[in-house]
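Overview (structure and organization)
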Amino acid sequence: MKLVAALFLLFFLNVSIHAEELSFAEWVEQLRVEARSLGISESTLAALDSLEAPLERVLELDSSQPEYVQTFTRYLGLRVTDRQVSRGQALLDEHAELLEQVRQRYGVQPQYLAAFWAIESNFGSTTGGFSVLQALATLAFDPRRAEFFRREMLIALQIIDDGHISADGMSGSWAGAMGQLQFMPSVFALHGVDGDGDGKIDIWNSLPDIFYSAANFLSKSGWKGDERWGREVVLPSNFDFALAGTNTRKPLQAWSELGIRQVSGAPIPIADMQASIVIPVGAEGPAFLVYDNFRVTRVYNPPIFYALTVGHLADRFTGGAAIQHMPENEQAMSIADIQELQERLNSLGFDSGDPDGRVGSKTRNAIRAYQQQKQLPMDGYASFALLEGLRN
Ligand code: CA
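1. Side note on the side chain of Asp337
Positionally, Asp337 belongs in helix H16 (residues 335–347). A polar contact of 2.9 Å, which involves the side chain of Asp337, links it to the backbone nitrogen of Ser334.

What follows is the structure, given as structure tokens:
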């Protein structure tokens, strides 16, 4: 409770201290004073003594801009391999008893926990390797998102002070995501669970703590243990692509009446559930009917590719088929291509916002308006074909 109280206190405190005016050493001293005022002990605060100057590698990773837009084919291909599937199946078998206990308590099916575990840390084998305190101090000292990371830093100190992990043992990603399921300190504070009952929440080393914590997070976020995440489907040839996207939700019955079928051609199973259609590669790629658990997966990590991959990998662990309608040759567009596409849309009066090379909802809406005018399928998808059309 101490941790949660501190979290809410911090939420209401205005911690906008201008780090750019201070040296790193001065900034650390100021942080020490604030942490002390929150009740963190001197022995924990001693961990601040060994903080070094901001880590260049963290700042590099934080500001690195990709040259190309990630394709679904590549994203999925890196994370769903035959080897990963058989490894996950073996681990599901090995930890069946523990995972069943977790399922009974939180209602999260084992194959989904295994899928998060696979994608977040390759089943615990790659958890980051940065000192969380050093990474968070670097990002909190940097002015861009100083308040967010300062708050995470103070919570990380509180976690150490509560005796869950030592400062040296608190390793994580360059952005401060910790342990085998990559929780930020604030997520640990709200959702961490001592699954093995030893009095500590150890999401670095204890599998019961790791699975209980993740399942608790998912359960609190609305996970439904008697539902799937979604499934691949086939759209009818006359499908109105303006209905694709997570903003449109309809009952399964309504989708069925619009002609959505399972990949096998069979009708979709009907239950009293709302669903959306997701098309990660536009009209030419696979289509998925996604349910509430897909939305919960995005609470854990928002990208659509991530949520599709978690769901699909969970299916594969339980014997499900590969995705049937992957595109033949999905080409990566460069950031410069996307910027050109946005500039061309803007100049034709379709407002895609500032040409930033990122496809957000404004760009998708602009593409759809253009597609409507050209009587093209309104999938809102940025593709080379679309760019070619705009150039002519
Ligand atoms: Ca424990």
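2. Quick notes on unusual backbone geometry
Phi at Asn122 is positive, roughly 50 degrees, even though this residue is not glycine. Mapped onto the secondary structure, Asn122 falls in the loop between helix H8 (110–121) and strand E1 (130–131). Within the chain, Gln375 stands out as a residue other than glycine whose phi angle is a positive 55 degrees. Structurally, the position occupied by Gln375 is in the loop between helix H17 (361–373) and helix H18 (384–391). What makes Gln375 exposed here is its relative accessible area of 73%.

3. With respect to the packing of aromatic side chains
Going through the model one piece at a time under the given rule, you end up with 23 aromatic pairs. Among the aromatic side chains, those forming a connected cluster through ring pairs are Phe72, Tyr75, Trp229, Phe288, Phe294 and Phe305. In this structure, Arg79 packs its charged tip against the face of Tyr75, placed 3.7 Å from the ring centre. Directly above the ring of Trp255 sits Lys250, whose terminal nitrogen or CZ lies 6.0 Å from the centroid.

Analysis parameters
- Residues numbered from 1 in each chain as written.
- Predicted model: local features only at pLDDT ≥ 70, side-chain atom pairs only at ≥ 80, totals over all residues.
- Heavy atoms only, no water.
- Helix = DSSP H or I, 4+ residues; strand = E, 2+ residues; numbered from the N terminus.
- Polar contact = N/O pair within 3.5 Å; in protein donor to acceptor, adjacent residues only side chain to side chain.
- Buried < 20%, exposed > 50% of the residue type's maximum accessible area, 1.4 Å probe, protein only.
- Phe/Tyr/Trp six-rings, centres within 6.5 Å; stacked < 30°, edge-to-face > 60°.
- Lys NZ or Arg CZ within 6 Å of the ring centre and 35° of its normal.

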